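# Descriptive structure summary
Read off the chains here:
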Amino acid sequence: MSDLLSPDDVRRGQSLAEALLEGLNNRLLGQQELVRLTVVAALARGHVLLEGLPGLGKTELVKGLAGLLGLDFRRVQFTPDLLPGDITGGQVLEEKDGLRRFVFHRGPIFANVVLADEINRASPRTQSAMLEAMQERSVTVLGETHDLPAPFWVLATQNPIELEGTFPLPEAQLDRFLFKLHVERVGAGTLTKILRERRGGRPPEATAVTDEAHLNELFDLVDAVFLPEAVAGYAARLVDATHPSSASSPEVVRANVRYGASPRAAIGIAEAARAHALLAGRPNVGFDDVRAVAPHALGHRIVVDYRGKLDGHDGRSIAADVLAHVGELAEALPDEVA
Amino acid sequence: MSLRDHVRFVRQRIAAAAYAGEFLRHGGIALFVVGALVLLFRLWLREAWWPAFLPLAVLPVSAWLVARTRFVSDATAAAWLDAGDGRVLTALEKPDERWTASAEGAPTMHLPWKWPIPGAAFVALAFIVPVSELPEGPGQGIPDATVEHLEDQLEALEEVAEIEPAQVEAIEETIEDLDEASEASEANLEAVDATEERMEQLAKELDQAGERAEDALGNGRTGTDPMQEAVEKALTEMANAGLTRKLPPELAEMAAKLDQLDGLPQMSPEEAAKMADALQQAIDEGRVRLESAQLVEGEGTCDQPGGQCDGDGNALAIASGNGEPGEGGITRGPGTADLEFGDERPDHSDQFAATVLPPGTELDLEHTMLLGEAFADAEVDITREADAAKATAASNGADTWRRDLAPQHRDAVATFFAAED
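Figured I'd write up the structure that's included with this text.

Calculation rules
- Residues numbered from 1 in each chain as written.
- Chains lettered and ligands numbered in written order.
- Predicted model: local features only at pLDDT ≥ 70, side-chain atom pairs only at ≥ 80, totals over all residues.
- Helix = DSSP H or I, 4+ residues; strand = E, 2+ residues; numbered from the N terminus.
- Buried ≥ 20, exposed ≤ 12 C-beta atoms within 10 Å, placed from the backbone.
- Contact = placed C-beta atoms within 7 Å.
- Pairing = 2+ DSSP bridges.
- Nonpolar A, V, L, I, M, F, W, Y, C, P; charged D, E, K, R; others polar.
- Axes fitted to C-alpha atoms, helices over the stretch in contact; angles between N-to-C directions.
- Core = buried A, V, L, I, M, F, W, Y, C linked by C-beta atoms within 7 Å.

### Observations regarding unusual backbone geometry
Here the residue pair A150 of chain A and P151 of chain A is connected by a cis peptide bond, since its omega of -5° sits within 30 degrees of zero. Among the secondary structure elements, P151 of chain A is positioned in the loop between β7 (144–147) and β8 (153–158). Phi at Q294 of chain B takes a positive value of approximately 60°, unusual for a residue other than glycine. Within the fold, Q294 of chain B resides in the loop between α11 (269–292) and α12 (311–320). Under the C-beta neighbour-count criterion, Q294 of chain B is labelled partly exposed, with 16 such atoms within 10 Å.

### A look at the environment of S246 of chain A
Residues and elements named next belong to chain A. Looking at where S246 falls in the secondary structure, it is placed in the loop between α9 (229–240) and α10 (251–256). Separated by 14 residues in sequence, S246 and G260 place their C-alpha atoms 9.5 Å apart. Contacts of S246, omitting those with residues within four sequence positions, involve D240 and A241.

### Some details on the pairing of β7 of chain A
Relative to β7 of chain A, strand β6 (residues 138–141) of chain A runs antiparallel, the two sharing four bridges. Residue T140 of chain A lies in a different strand from β7 of chain A, and its bridge partner there is T145 of chain A.

### Let's talk about the interface of chain B and chain A
Between chain B and chain A, the residue contacts involve 34 residues of the former and 29 residues of the latter. Of all elements in the fold, only α1 (3–44), α3 (74–81), α4 (87–93) and α16 (407–418) of chain B reach the threshold of two or more residues within the side of chain B that touches chain A. Looking at side-chain class alone, the side of chain B that touches chain A contains 17 nonpolar, eight polar and nine charged residues.

### Focus on the sheet that holds strand β1 (residues 47–52) of chain A
Residues and elements named next belong to chain A. Pairing within the open sheet is parallel, and its five strands lie in the order β2-β5-β8-β1-β9. The sheet is open, and its two borders are formed by β2 (73–77) and β9 (177–183), each paired with just one other strand. Shown here is a sheet whose adjacent strand axes are inclined to one another by a mean of 20°, direction ignored. Strand direction decides the pairing type here: β1 and β9, joined by six bridges, are parallel.

### Here's the deal with the nonpolar core
Counting residues in hydrophobic clusters, the biggest one holds 121 residues, and the most contacted among them are V113 and I269 of chain A. Of all the elements, helix α11 (residues 263–279) of chain A adds the most residues to this core, at 10 residues. Setting aside residues up to four positions removed in sequence, I269 of chain A forms contacts with A235, V290, V293, A294 and A297 of chain A. Core analysis: the next-biggest nonpolar cluster, separate from the first, contains 38 residues, L202, M227, L290 and A293 of chain B among them.

Remember, this is a structural readout, not a statement about activity or role.
Here it is in structure tokens:
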């Protein structure tokens, strides 16, 4: 018997994830794909950048996720005058028993789920305060490092309009988000349902469907999902093909891309594909899982040059082209075989 | 069939498809080679065309050598079988009875059956096309013209002189062998040269005998020797050399019996002169025949100036360009007019008429005087100086924007500034 997850383990993990999925779908109507990918990112312990027009439910999605997970939730509204200390917290001089001393006051980042609302409105200095927190899951203030609670997610939002006075996220920060998800508008049918069922647009109260222990068990199950060598090779070839200097990259990459995705993207794809496979009730990752998560993990990591931008290319379209170009098989089949 | 067996089966099928495809492609090309060889073999080897099919023997090997680079691994075959959910791959890497995976299907082959058709049609045409009407190529033995030339030379010798039958028989046998030779080998070509030289040597001896007879006849005509004696001497020379075939019958008979006779019967001077003319005519006719067979070089074939057909004559002809207008030469130009050097034409002389220059003048320093001295600041043109400084100063980049940017340079400028975006 191998060390593959047992069918019972997979069923248990799948049911937990599906409960989360169902709860979020009840809270956010008509956004099944967005909800599924958000849950996948959560199971993969990855941060998510949500981009979409105002009023599409980005904030509600994050609040709902925190509520369903039963975890501590903080929201930070990013503004141009926000300072790093406003996020991380800082040393405050306090007097106690006649003694004065500096005491570290934790900022809003010390929560399990942090909603960084309109993250691109803060200055680069403030944005960079998130770098260590997102990667190392710790905060260093005045040489003193403070661990963040586990699990820890940053779900940031930004809207693609009203860009005056905003600061585009630097590549280093973008790379720390597992997914960049585009929140699309919902159809008339969904709107009708919202109007009838949600008075004032208020979603139902989010009741926790899991606790910390079950959540950790879910993470363990995701970690135990098996990644076959051929599938790992496929993910690696996808990332490699985003680089214009790669021999396997398509022409659209060579002509329009300045920098391709980082190794962190490949790691993120593998982790997200594991979560996706568990959600599908399988003990192993397949090509389908990689195909499902790769566009969202690659799009924001591909740096398009000015020619590509002028020609209407963006990271998402390039990632789609890469997926269409790179085959699942490491070796090409002979022409005589269909 | 187990999963692993199924993967192996798929892999073998892919390999078989690659091999069969290469075999058909190589076969299509090889058949064209075979067709071309069939044509060549039918032209030169006539019936022995079957070796033309030998290139087909290497077909299996060449197809395998190319196809093996396209064979795939078990992992690729398994990935092909996997439906996208990774179950097959996982079952092969981590077999687990709690999770079952099955694989079905096999890759469909699409073999390039049409590839060999044009080649096969070409081979069929190579057998059908008539090759007997094609002109004979080189390498088919000694050319007929050469053999005919040798036969003509032998015929000329026999027409002019009595040649020993054994010698004639030997030459005829050689010519016959050369005529039947299947190839123009080095030995056969050597035999052609040797036979030709042999006959030329015979002709040369005959020619020398004729010259000696002519000399004797010349002595008789000039009165150096009595005509009776000169004729007898000439006839003796001709009889000894066998140069009697062109003689009138009575003279030929006389020459044959000359040994038995004690000299020619006494003849009158007229009879002797008549006989001398007959001998001279026989000598001339014999020489003409030998010349026509190219056995000897006669004066009649020499068209060089002065009748010199040796090396000096040829050199003279080349140097003078044969004296013909337009043919050039080494010592004169190709034109017909001779170059002459004389006085200049009058109009040219006027154009370059000599002119006497005025005498030079020198400053008369002794009769100069100082009118006064003054001091003043140097006059500086500020505007012009600024322009000069600007031309040499380092550019601050502003000028770049004021310049018209050529279209072909816009990409370079855009690339440079895009790096800072």
